[in-house]
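Okay, here's what each chain looks like letter by letter:
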Amino acid sequence: MPFIDINTITPINPLPGCRLRTPYGQNIMMSYLEMEEGAVVPLHHHPHEQAGMLLKGRMRLTIGEETRTCEAGSMFIIPPNTPHMAVAVDGPALILDIFSPVREDYAELYNKYIPTDAVAKPSSE
């Protein structure tokens, strides 16, 4: 699936006010996260390295012991097993996260919502 139209992927609703689309390859996963104002991704950690960029809106992000309010264009890197949380503030937020290796929990959810005939086929163009 080298080309992805995010609008063709049915979102997963893992938490109240959060919509998630998670295409992935063999070693990397993208997470397109839409958060409604006030939506919270609670404090958690995982063995995956995570990098991200806030595309739209504002988000209060805690990584380890540090909390910052991020604006569109802010980027971050979260080392493996580091506690972190996020809250959309002053309106909705749109975040693109990258995980390595692939998050198995998201991949399982993603596969449940993707019909088998939706897998991209090579184009003759």
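Numbers given to residues run from 1 along each chain, matching the order in which its sequence is written. Whole-chain, interface and lining totals are the exception, using all residues; otherwise, since this is a predicted model, local features are given only for residues with pLDDT of at least 70 and side-chain atom pairs are given and counted only at 80 or more. The side-chain quantities take in all heavy atoms of the structure and omit both hydrogens and water.

Note that predicted coordinates carrying low pLDDT should not be read in detail. pLDDT measures how confident the predictor is about each residue, on a scale from 0 to 100. Looking at the chain as a whole, the pLDDT averages 88, with 86% of positions reaching at least 70. It only takes one pair of heavy atoms within 4.5 Å for two residues to be counted as in contact. Counting interchain partners and residues more than four positions distant, the pLDDT-below-50 stretch residues 113-125 has four contacts.

Next up on the list: the packing of aromatic side chains. In this analysis, rings of Phe, Tyr and Trp, with Trp reduced to its six-membered ring, are considered paired at centre separations within 6.5 Å, and the interplanar angle assigns stacked below 30 degrees, edge-to-face beyond 60, and tilted for intermediate values. A full pass over the atoms with the stated rule returns one aromatic pair. A ring pair is formed by Phe-99 and Tyr-106, whose centres lie 5.8 Å apart and whose planes are at 85°; its orientation type is edge-to-face. Relative accessibility decides the category of a residue: with a 1.4 Å probe and only protein chains considered, values under 20% of the type maximum give buried, values over 50% give exposed, and everything between is partly exposed. A relative accessible area of 2% means that Phe-99 is categorised as buried. For Tyr-106, a relative accessible area of 17% gives the class buried. In this scheme, the term charge over a ring applies when either NZ of a lysine or CZ of an arginine sits within 6 Å of the ring centre and within 35 degrees of the ring normal. Directly above the aromatic system of Phe-99 lies the positively charged group of Arg-103, at a separation of 5.3 Å from the ring centroid. Looking at Arg-103, its charged tip hangs above the ring of Tyr-106, at a distance of 4.0 Å from the centre.

Secondary structure elements are taken from DSSP: a helix is a run of H or I of four residues or more, a strand is a run of E of two residues or more, and numbering for both begins at the N terminus. Residue position: Asp-97 is located in strand β7 (residues 84-100). The sign given to each residue is positive for Lys and Arg and negative for Asp and Glu; His and the chain ends receive no count. Every case where a carboxyl oxygen of Asp or Glu lies within 4 Å of a side-chain nitrogen of Lys or Arg is listed as a salt bridge. The buried charged residue Asp-97 lacks any salt bridge partner; its closest oppositely charged side chain belongs to Arg-103, at an N-O distance of 7.6 Å. Here Gln-50 takes part through its side chain, which lies 3.3 Å from a polar atom of the side chain of Asp-97. Every residue in contact with Asp-97, bar those within four places of it in the chain, is listed here: Met-29, Met-30, Ser-31, Gln-50, Ala-51, Gly-52 and Phe-76. In protein, a polar contact requires one atom able to donate a hydrogen and another able to accept it; more generally it is a pair of N or O atoms within 3.5 Å, and residues adjacent in sequence count only if both atoms are side-chain atoms.

What follows deals with the pairing of β7. In short, DSSP must find at least two bridges between two strands for them to pair. Taken together, the seven bridges between strand β2 (residues 29-35) and β7 define a ladder with antiparallel strand orientation. Bridged to Met-29 within β7 is Phe-99. Judged from the three bridges that link them, strand β3 (residues 40-44) and β7 form a sheet pairing that is antiparallel. Bridge assignment links Val-41 to a residue of β7, and that residue is Ala-86. Inspection of the sheet shows strand β4 (residues 49-63) paired to β7 by 13 bridges, in the antiparallel sense. Each bridged residue has a counterpart across the sheet, and for Ala-51 the counterpart in β7 is Ile-98.

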